[in-house]
Amino acid sequence: MVNWRGPSRRSRRRSSRRSRRHSRRHVREAPAVRGPTPHTRRAAVAVTAVAVALPLFSSGPPAAADADAGALQAAFADAAERYDVPESVLLGVSYLQSRWDGHRGAPSVSGGYGPMHLTDAATALAESPAEDGEGGEHLAHGHADPRGDEARPLDLAPPTAEPGGAAPTAGTGGHPGELRTLAEAAELTGLDPAELRRVDAANIRGGAALLAAAQRDLGREASDDPADWYGAVASFSGAGTREAAEVYADEVYAVINEGAAHTTGEGRRVVLAPLAVTPDTSSADGLGLPVQGRDPHVECPRSVSCAWLPAPYQDLGDGDYGNHDQAERPEGPSIETIVIHDTEATWETTLDLVQDPTYVSWHYSLRSSDGHIAQHLATEDVGWHAGNWYTNATSIGLEHEGFLTDPDAWYTEAMYRTSARLVRYLAEEYDIPLDRHHILGHDNVQGPLDANVPGMHTDPGPYWDWSHYFDLLGAPIRPTAGRDGGIVTIAPDYATHTPGYTDCAAPGAPCAPHGSSAVRLRTAPDADAPLVSDPGTHPGGGASSTGVNDVGARATAGQQFAVAGRDGDWTAIWYLGQRAWFHNPADAPTAVNARGWTVTGRDGAATIPVYGRAYPEAAAYPEGVPAQPVVPLSYAIPAGQEYVAGLRTDSSYYWAVSFDPAGHTEVGGEPYYQIQLGHRVAYVRAADVELRRSGT
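Here we summarise the structure given alongside this text. It should be emphasised that the depicted structure is a prediction, and the values quoted were computed from it without experimental measurement.

### Brief notes about the overall build of the protein
Alright, step 1. Broken down by element type, the protein carries 14 helices and 27 strands.
Alright, step 2. Expressed as a percentage of the 696 residues in the protein, the buried residues total 61%.
Alright, step 3. Relative to all contacts within the protein whose residues are 6 or more apart in sequence, the contacts with residues 24 or more apart total 75%.
Alright, step 4. Only carbon and sulfur atoms are counted for the fraction: they give 51% of the accessible area of the protein, which is about 24,000 Å².

Following this line, the structure appears as structure tokens:
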């Protein structure tokens, strides 16, 4: 059901939150300026020589294949017995590290290999095809102005690769280990490091040996009771603080208690049966890790490791300032969406950039290796992250360490789980429904105007596992109607759905086979039919492609579309003004049926104007605030087509062009509906459409 946003939602705020935030306003201090001179904006990358600054990785050679489909499960049992580690503990740790996937021997963004994520960052760096400087631009895939407001555009300089040291680690939770646990595993097992990197069974033995060694170091016996291994599990995280280590261990024991079953990318099924365990948390006392008190600025659930590392709010002179806008949301603009990004950079680079007053900003960063969170902005403030000012003003941005174009520089289960806990917390705090209308990828954010659409960013991309993410959010993608529901929710099986992509390692080169959340859309119910066109993404008649960054003919898990026809194993949806077909066979469905609200053109209208933002009409602007243009996008949407309505919102423009927030003003106006136009959302004026229940 659509969650309609009425005017009363804008004025809602919890009184305790009001007092806490108003007091915060007086204590916030800008950190020392880092990086280039304050008057030069840049899109620079800090390049470090240390092993943790890993670039994009190419796919490694395939891991050794097991002839028996049950061999991976057996490898866990064998390693557990060999090193006297409870099998449930070994399985739980590995699930949190990799969901038991060896990723064909390719390293993660933090240099981890295999099902146990044994880290060997130096080898990962040496094997990487990175260019000189080993850097990559943050938010590289796209060139949209991250602020997205013509009233105050950002002029970011071209990206450069500048030498420099690692970003400071104060308040970041401490970087896990030294990213060399694989070498320690080699010493403990006597196995060759190359075997530990490439052979899953050997990698699992290495992980078991590390857990057993951690148990010995704590002075504890190799007990058969999983409850006795809490300290060893916390140690395995490599976290630098007691809080981060315990959060990791708590997640492992949550997996053990809940149980899990998963088919890896290599097609191997592993099962962990649920086991009721209450761990002895006192066993973590022997780790001797420092206790880092939680900063009062932090807005995170207690169940995650979270630190305050503020982005600067700084006057740069000549009317310029950065790197965000102060606000008092939701008393000003409401908070309606949460935007999921990936960083296209390492953890160290990400933190370096967000602390640059001449750069851009987002609210939270999440570390791949253990899911640790750094918060940079109060959620009441507006980050510059989405490339669309309306979205920026009404959203919270989360950056996840990872690289879109390399599917095996993978997002860890630890990061997925802490991200889901954070999003659940924020959704409850701001009354945000847990669905794909409100939890957006950066690649779902529309360009404000036609000129912006081709440059909009495409992260987190087709390899982000949306179905699994929504399972963790407690809002799984499920059918809500029969075939007559009138709507489909995209829901391919991630592990077995492996459409081919190109342009990961090089232009035109095929990407390594990998699970995907996205289905491909064609002009007819035929696998050889052309891909549907996207005149916004490809102006001038350019064709959509299978490129990993091309969203022109793509629909992704959780997104909902009005059904436009069915033909055998194919289903058609209304998409960017055309009928778009995707393969949806009954024996391997890629979508489920749903019912909800749709919009269509009013009687007598020929087309439905669609907009990249929900801005007020000119008459709504007070004196002193220039009216912003309300210009429809060039997509031609026939009035007879239907599009799923995600939310109803009063139009809003947040006038913020000065360093002093006293001059910031929110302008509200006529209502709009957010719709799923294509892969990106868009907005329609309520006055231009009729709202109807689907399937009727």
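### Considering unusual backbone geometry
Alright, step 1. Omega for the peptide link from G322 to N323 comes to 0°, which places this bond in the cis form.
Alright, step 2. Relative to the helices and strands, N323 is located in the loop between β10 (320-322) and β11 (337-342).
Alright, step 3. With an omega of 5°, the peptide bond between D459 and P460 qualifies as cis.
Alright, step 4. Locating P460 in the fold gives a position in the loop between β15 (439-441) and α14 (466-472).
Alright, step 5. Notably, R104 is not glycine yet its phi reads approximately 55°, a positive angle.
Alright, step 6. Tracing the sequence through the fold places R104 in the loop between α4 (87-98) and β3 (112-113).
Alright, step 7. On the accessibility criterion, R104 (22% relative accessible area) is partly exposed.
Alright, step 8. Its identity is not glycine, yet D503 carries a phi of approximately 80°, on the positive side.
Alright, step 9. Note on placement: D503 falls in the loop between β16 (487-490) and β17 (518-520).

### Some points on the packing of aromatic side chains
Alright, step 1. What the rule picks out here adds up to 23 aromatic pairs.
Alright, step 2. With a centroid separation of 4.7 Å and an interplanar angle of 15°, the aromatic rings of Y313 and F659 are classed as stacked. Residue Y313 is located in the loop between β8 (306-308) and β9 (314-317), and its partner F659 is located in the loop between β24 (643-655) and β25 (665-676); the two are separated by 346 residues in the primary sequence.
Alright, step 3. We classify Y313 as buried; its relative accessible area is 10%.
Alright, step 4. A residue is classified by how much of its surface remains accessible, and F659, at 29% relative accessible area, is partly exposed.
Alright, step 5. Ring pairing ties together the aromatic residues Y411, Y416, W464, W466, Y469 and F470, which thus form one cluster.
Alright, step 6. Across the ring face of Y113, the terminal group of R197 is positioned such that the distance to the ring centre comes to 6.0 Å.
Alright, step 7. Its guanidinium or amino end placed over the ring of W466, R436 lies 3.7 Å from that ring's centre, counting from NZ or CZ.

### Describing a negative patch on the surface
Alright, step 1. A surface patch of negative charge is lined by E81, D84, D224 and D225.
Alright, step 2. The residue D224 is located in the loop between α8 (200-217) and α9 (230-236) in this model.

### Considering the state of the cysteines
Cysteine pairs can be linked by a disulfide, which is a covalent bond between their two sulfur atoms.
Alright, step 1. Counted under the stated rule, the structure contains two disulfides.
Alright, step 2. Disulfide partner of C300: C306, at an S-S distance of 2.1 Å. Per residue, the accessibility class of C300 equals that of C306, and both read buried.
Alright, step 3. The side chain of C504 participates in a disulfide bridge whose partner is C511; the two sulfur atoms lie 2.1 Å from each other. The sign of the 95° torsion about the S-S bond sets the C504-C511 disulfide as right-handed.
Alright, step 4. For C504, a relative accessible area of 14% puts it in the buried group.
Alright, step 5. Taken in N- to C-terminal order, the disulfide-linked cysteines of the protein are connected 1-2, 3-4.

Calculation criteria
Within any chain, residue numbers begin from 1 and follow the written order of that chain's sequence. pLDDT decides what is reported in this predicted model: residues at 70 or higher carry local features, side-chain atom pairs at 80 or more are listed and counted, and totals for whole chains, interfaces and linings draw on all residues regardless. Hydrogens are left out, water is left out, and the side-chain values use all remaining heavy atoms of the structure. Only DSSP runs of H or I covering at least 4 residues are called helices, and only runs of E covering at least 2 are called strands; the numbering of each starts at the N terminus. Under the scheme applied here, a residue whose accessible area is under 20% of the maximum for its type counts as buried, over 50% as exposed, and between as partly exposed, the area being computed with a 1.4 Å probe on protein chains only. Residue contacts are counted whenever heavy atoms from the two residues lie within 4.5 Å of one another. Accessible surface area values rest on a Shrake-Rupley calculation with a 1.4 Å probe, where residue burial reflects the displayed protein chains alone. Centres within 6.5 Å are what make two rings of Phe, Tyr or Trp a pair, Trp counting through its six-membered ring; a difference in plane orientation under 30 degrees is then read as stacked, over 60 as edge-to-face, and the rest as tilted. Geometrically, a lysine NZ or arginine CZ counts as sitting over a ring once it is within 6 Å of the ring centre and also within 35 degrees of the ring normal. By definition, no residue in a patch forms a salt bridge, and every one has over 30% relative accessible area; like charges are joined within 9 Å, nonpolar side chains (Val, Leu, Ile, Met, Phe, Trp, Tyr) within 5 Å. Each reported salt bridge corresponds to a side-chain nitrogen of Lys or Arg within 4 Å of a carboxyl oxygen of Asp or Glu. Charged residues are defined here as Lys and Arg on the positive side and Asp and Glu on the negative side; His and the ends of the chain fall outside this count. Charge placement uses NZ in Lys and CZ in Arg. For Asp and Glu, CG and CD serve respectively. Any pair of cysteine sulfurs within 2.5 Å is marked as a disulfide.

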